[in-house]
Each structure stands twice: as C-alpha cells, then as structure tokens.
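If you want the building blocks of each chain, they are given just below.
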Amino acid sequence: MSGAAHNDATSPSFFSEKSAKIFVAGHRGLVGSAIVRKLQALGFANLVFRTHAELDLTRQNDVESFFAAEKPQFVILAAAKVGGIHANNTYPADFIGVNLQIQTNVIDASYRFGVKKLLFLGSSCIYPKFAPQPIPENALLTGPLEPTNEWYAIAKIAGIKMCQAYRIQYKWDAISGMPTNLYGPHDNFHPENSHVLPALMRRFHEAKVNGAKEVVVWGSGSPLREFLHVDDLADAVVFLMDSYSGLEHVNVGSGKEVTIKELAELVKEVVGFQGQLVWDSSKPDGTPRKLMDNSKLAGLGWTPKISLKDGLVGTYNWYLDNVKQ
C-alpha cells in the first residue's frame, strides 16, 4: 500500500491487528514506555523501536531509510524533546527545531511509506495562556501562548496542523492526542528540572530518609492542577488508535482537579514523611487553574481508571526500585 486513501469506516479494528508491525517512536520515555507496556499486555507481538543512538529522528535520510526497510503499519509518535521552564528558556532553538524535525520526518515518512494510521502526541501547553477553563479543543489558536514554553508549543501545534493537512490533502488517517500533566513510572525525578509531582515525591522521600523536620514548598498551595497516570494515557492511545479517525485533536485528561496543597499532602502520606509541610507563600503560584475539557474523549467512550492515590502508590514503588540513592 502506498500513502493512498483508505476508507476509515471499513477499516478493521486496531485490536484485530495483533500481528501488525507498530513503530513506537520515543519508546524509552515516560509516555512511550507506557504505550509499549500496554501494547505488549494486549498481545501486540510485532512492535518495533529504535534508541536515539540507533536512529536519530531529526535526520530525514535516516528516518526514510528506516521506514523503507521496516515498513510499519501503525505509528505512535511519542518522541519529543521535553523540559521545564528553565530548559525552554535556555535552549529555545532546540525545543522548536528538534521537535519540528522529529515530527515532520516521522509524519511525512509514515505517509509516504504506506503506514495505515499515525497518532501524534502533543501536550496541554499548546493552548493559549488565558484559555477558558476547562480548556476545550477549540481553544487552540484563539490567543497568545505562555511565553515560557512557546517554542515547544509552536512545534506541537505545527504537528497537529500537519496531521490535519495530510488528512485533508491525502485522505490519510493521521490523528492527534493532547495529554494533560502526566506522571508514573519512568518519570523524571531530577532535583532541579522535574515537574511538580515527581519533584514533591523526591523531596518528601529525601526528607524522610534524612529525618528532616519539615519540607518547604513554594507558593500557597491553592492552584488547581490535573494529573493523569501515564498508564491511563496509554490506554487512551490504544482506544484512539482503534476508534477515532477525526480531523480535530483530542484532549486526554483525567477530568479531575486537585489543589497543589492536596497533592502535596497526598504525596507526603504515600511516601510516609512524618514531618511538617510548610508553604512559602512569598514564592509565586503560577496559573491559578489548568484543566482540560475531557468531554470529547468521554463522549467517544473512554474514561480514566487509575485514581490519583493508587497512581501515586505505584509511582513511589517504582521510584524506590529504580531511582532512590
């Protein structure tokens, strides 16, 4: 099959294609590793991956050679250069350039080498800084972005638009999913540049081990945030591969909000830190509320299964087995 059109309505179920070759790009990361675990658990036996050392996705010739040789039938694009505010401010050229290269090469080669369906994964940072809350899919491109991560966001928006353009021009089945804040096994627990949930987990763990009397957390604890376990995202990815073929991207959220204070207290409890939790309200809070509108995906028939408490327990167990000094 070339990159020719196929009829979505008569396509066989993704779940019936257990022997189909599936390329998971970014299989070592938080997201990619969860998708691999999910596919393997469901009995998909023909997964193909490459480490960065084996295949540099920013190099068009190498990507095309890979697709020509392997000819995957399905592609899940979870490879990206990611980082926090500090990294985005320090390396803006990397965040826009590397991500544009990766997704452009993989999306185009997927189409041209006959991939049946591609799922591109983005991030909730694609939305305007002052988007309505909860954020619906149609808030995209309705206002200015958060300046601290616009380099990454612009690349991800371009990926959504590229999938849409290839669908329109070539009648090719490329879809996009935009996850909320994710956590789980293989997260980044680095002391300086990790996100709020793994950072809290590491700090409470180290305080417990060192017998500290208190842990000081920045801000008032009042901002509302949404967290989705990465195994729930992987479940949603498989669901979308099987049952969604639309032009618009799809939000993948938990639909549940928690204050940073509630999160910190829950992490403290899961870790078993007995000391005091102190809030330094002289430090900034960030956006007061950030929640994705999950109703489109819920309407398609998918909802998350893992509670925040259960997810934190599993994540802490993974941290103890894999990260702690």
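Further up the page is the structure itself.
On a predicted model such as this, the values are computed, not experimentally measured, just so you know. (Residues numbered from 1 in each chain as written. Predicted model: local features only at pLDDT ≥ 70, side-chain atom pairs only at ≥ 80, totals over all residues. Heavy atoms only, no water.)

Val-63, Phe-66 and Phe-67 are the residues of helix α2 (residues 60–70) that are buried. Projected down its long axis, α2 shows its buried positions confined to an angular sector of 95°, all on one face. Those residues of α2 that are exposed and aimed more than 90 degrees away from the buried face are Asn-61 and Ala-69. For α2, the elements touching its buried residues are β1 (22–25), β2 (47–48), β3 (74–77) and α4 (92–112). A positive phi of about 45° marks Lys-71, the residue just after α2. (Buried < 20%, exposed > 50% of the residue type's maximum accessible area, 1.4 Å probe, protein only. Helix = DSSP H or I, 4+ residues; strand = E, 2+ residues; numbered from the N terminus. Arc of directions from axis to C-beta. Contact = heavy atoms within 4.5 Å.)

The next subject is the environment of Pro-72. Relative to the elements of secondary structure, Pro-72 occurs in the loop between α2 and β3. Using a relative accessible area of 1% as the deciding quantity, one classes Pro-72 as buried. Taking the C-alpha atoms as reference points, Pro-72 and Val-323, separated by 251 residues in sequence, lie 34 Å from one another. Discounting residues that sit within four places of it in the chain, Pro-72 has contacts with Lys-21, Phe-23, Phe-67 and Val-115.

Right, let's get into the sheet that holds strand β10 (residues 257–259). Across the sheet, three strands lie side by side as β6-β8-β10; this open sheet has mixed pairing. Looking at strand neighbours, the two that pair on one side only are β6 (181–183) and β10, the edges of this open sheet. With direction set aside, neighbouring strand axes in the sheet form an average angle of 50°. (Pairing = 2+ DSSP bridges. Axes fitted to C-alpha atoms, helices over the stretch in contact; angles between N-to-C directions.)

Let us look at the side chain of Lys-156. With respect to the helices and strands, the residue Lys-156 is situated in helix α5 (residues 150–170). Buried Lys-156, no salt bridge; nearest opposite-charge side chain is Asp-56, N-O distance 14 Å. Here Leu-121 takes part through its backbone oxygen, which lies 3.0 Å from a polar atom of the side chain of Lys-156. (Lys, Arg positive; Asp, Glu negative; His and termini not counted. Salt bridge = Lys/Arg side-chain N within 4 Å of Asp/Glu carboxyl O. Polar contact = N/O pair within 3.5 Å; in protein donor to acceptor, adjacent residues only side chain to side chain.)

Our next topic: unusual backbone geometry. With an omega of -10°, the peptide bond running from Gln-133 to Pro-134 counts as cis. Its location among the elements puts Pro-134 in the loop between β4 (117–121) and α5. Located in the positive-phi region is Lys-71, a residue other than glycine, with phi close to 45°. Looking at the element boundaries, Lys-71 is found in the loop between α2 and β3. With a phi angle near 55°, Lys-171 is a residue other than glycine that sits in the positive phi range. Tracing the sequence through the fold places Lys-171 in the loop between α5 and β5 (173–179). Given a relative accessible area of 53%, Lys-171 falls into the exposed group.

This part takes up the side chain of Ser-110. Assignment of secondary structure puts Ser-110 in helix α4. A residue is classified by how much of its surface remains accessible, and Ser-110, at 0% relative accessible area, is buried. With near-sequence residues (within four places) excluded, Ser-110 lies in contact with Phe-67, Val-75, Val-115, Leu-118 and Trp-172.

Further remarks concern the sheet that holds strand β9 (residues 250–252). With parallel pairing, six strands are arranged side by side in an open sheet as β2-β1-β3-β4-β5-β9. Every interior strand has two partners, whereas the edge strands, β2 and β9, have only one. With three bridges joining them, β5 and β9 adopt parallel strand pairing. Among the inter-strand pairings, Met-178 is bridged to a residue of β9, identified as Asn-251. Docked against the sheet, helix α1 (residues 30–41) engages β1, β2, β3 and β4, running at close to 155° with respect to β1. Against the sheet, helix α7 (residues 230–243) contacts β3, β4, β5 and β9, and its axis sits at roughly 145° relative to β4.

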